[in-house]
Amino acid sequence: MSIAARLRADLVCGLGLLTRLPTGWLAHDGLPYSMTRSLWCWPLIGAGVNALAALAYGAALWLGQAPLPAAGWCVGLLLLVCGGLHEDGLADMADGCGGGRDRAHKLEIMRDSRVGSYGVMALVVALLVRTTALAALPGPAALVVLPVAGALARAAMAGVLWRLPPARNNGLASTMANLPRTALLACMGLAVALAAALLPALSALTACSVAMVASAVMCRLARWQLGGQTGDVLGATAVVTECAVLTALC
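Residues numbered from 1 in each chain as written. Predicted model: local features only at pLDDT ≥ 70, side-chain atom pairs only at ≥ 80, totals over all residues. Heavy atoms only, no water.

Caption draft 1: Here's a closer look at the side chain of D232. Tracing the chain through its elements places D232 in helix α10 (residues 231-249). When near neighbours in sequence (up to four residues on either side) are disregarded, D232 contacts D88, G89, L90, D92 and M110. (Helix = DSSP H or I, 4+ residues; strand = E, 2+ residues; numbered from the N terminus. Contact = heavy atoms within 4.5 Å.)

Laid out in structure tokens, this is it:
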């Protein structure tokens, strides 16, 4: 199998995992698909999705829209493209950690499709932070800050996968316990390279440092509350990291 075919397979896996974008035009029955190997392209997908939203935000500002409603529509576009996958994880993790008696009960709550009061509060805060932080950025700055935040948020997810064992022996995250070292290093390297290429040196350093801290905090919280990581923990990590990076750079 050629390198180009493997890269295409990884991109199909990454897009299918992190977004609701159609991948049929890229997919091929003979490609060797691997979710763990697709790790390297997560920052590129996060940056690409957020770049589309940033362009929509810039277009709204150019048409005369006020920053706050324009930012709200921008965040809404992100939710549409990604299917609210990460936000669903944030809500489930907030409900489980906030309402569970013990680890088993917390994990049971997180599997419930219903959203409780802790989940609603977490979602409201996350959406408010992203919208207001984006609105506080000058228009041109948002075009580069949003892609960087998206890339670092997905790299933070990979950091949690690397640091924590699965909290349960079934589910999507449990199948991604053994990460290829090359894919992991490429994931982290691409996220840092994007930050360095798009932001001034101090801002890039700030963004990368904040993302590392956010990932470490989520690791500590998940280990303490759940004993490991789940798909919901990964989604929550992406949302928290993106909120933290946007806040730090606005």
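Caption draft 2: Local environment of empty space enclosed by the protein. Following the criterion strictly, the structure yields one cavity of 30 Å³ or more and no others. Approximately 90 Å³ is the volume attributed to the largest cavity. Of all the elements in the fold, those that place two or more residues in the lining of the largest cavity are α3 (67-82), α4 (85-99) and α10. Examining the composition of the lining of the largest cavity, we find that three residues originate from one element, α10, more than from any other. (1 Å grid on protein atoms, 1.4 Å probe; cavity = no way out; pocket = protein on both sides within 12 Å on 5 of 7 lines; lining within 4 Å. Points joined across faces, edges and corners; volume = space filled by probe spheres on them.)

Caption draft 3: Examining the pattern of salt bridges more closely. Per the stated rule, a full pass over the model turns up five salt bridges. The partner of E87 in a salt bridge is R130, and the shortest N-O contact between them spans 2.4 Å. You can see E87 sitting in helix α4 and its partner R130 sitting in helix α6 (residues 117-136), a full 43 residues away along the chain. Like R130, E87 is buried. Salt bridges here are not isolated pairs; linked through shared partners, they connect E87, R130, R154 and E242. (Salt bridge = Lys/Arg side-chain N within 4 Å of Asp/Glu carboxyl O. Buried < 20%, exposed > 50% of the residue type's maximum accessible area, 1.4 Å probe, protein only.)

Caption draft 4: Local environment of the layout of surface pockets. There is about 350 Å³ of room inside the second largest pocket. A155, M188, A211, M212 and S215 are the residues nearest the centre of the second largest pocket, which is lined by 15 residues in total. Put simply, the parts of the chain that give the lining of the second largest pocket at least two residues each are α7 (139-163), α8 (181-198) and α9 (201-226). Grouping the amino acids of the lining of the second largest pocket by side-chain chemistry returns 12 nonpolar, two polar and one charged. (Nonpolar A, V, L, I, M, F, W, Y, C, P; charged D, E, K, R; others polar.)

Caption draft 5: Local environment of the packing of α6 against α10. In the contact formed by α6 and α10, the axes pass within 9 Å of each other and the chain directions differ by 30°. As summarised for this structure, α6 and α10 are arranged roughly parallel, according to the angle between their axes. The crossing of α6 and α10 is left-handed. Contacts between α6 and α10 involve A126, V129, R130 and A133 from the former and V239, E242, C243, L246 and T247 from the latter. (Axes fitted to C-alpha atoms, helices over the stretch in contact; angles between N-to-C directions. Parallel < 35°, antiparallel > 145°, perpendicular 65-115°, else oblique. Left-handed = near helix turned anticlockwise from the far one by under 90°.)

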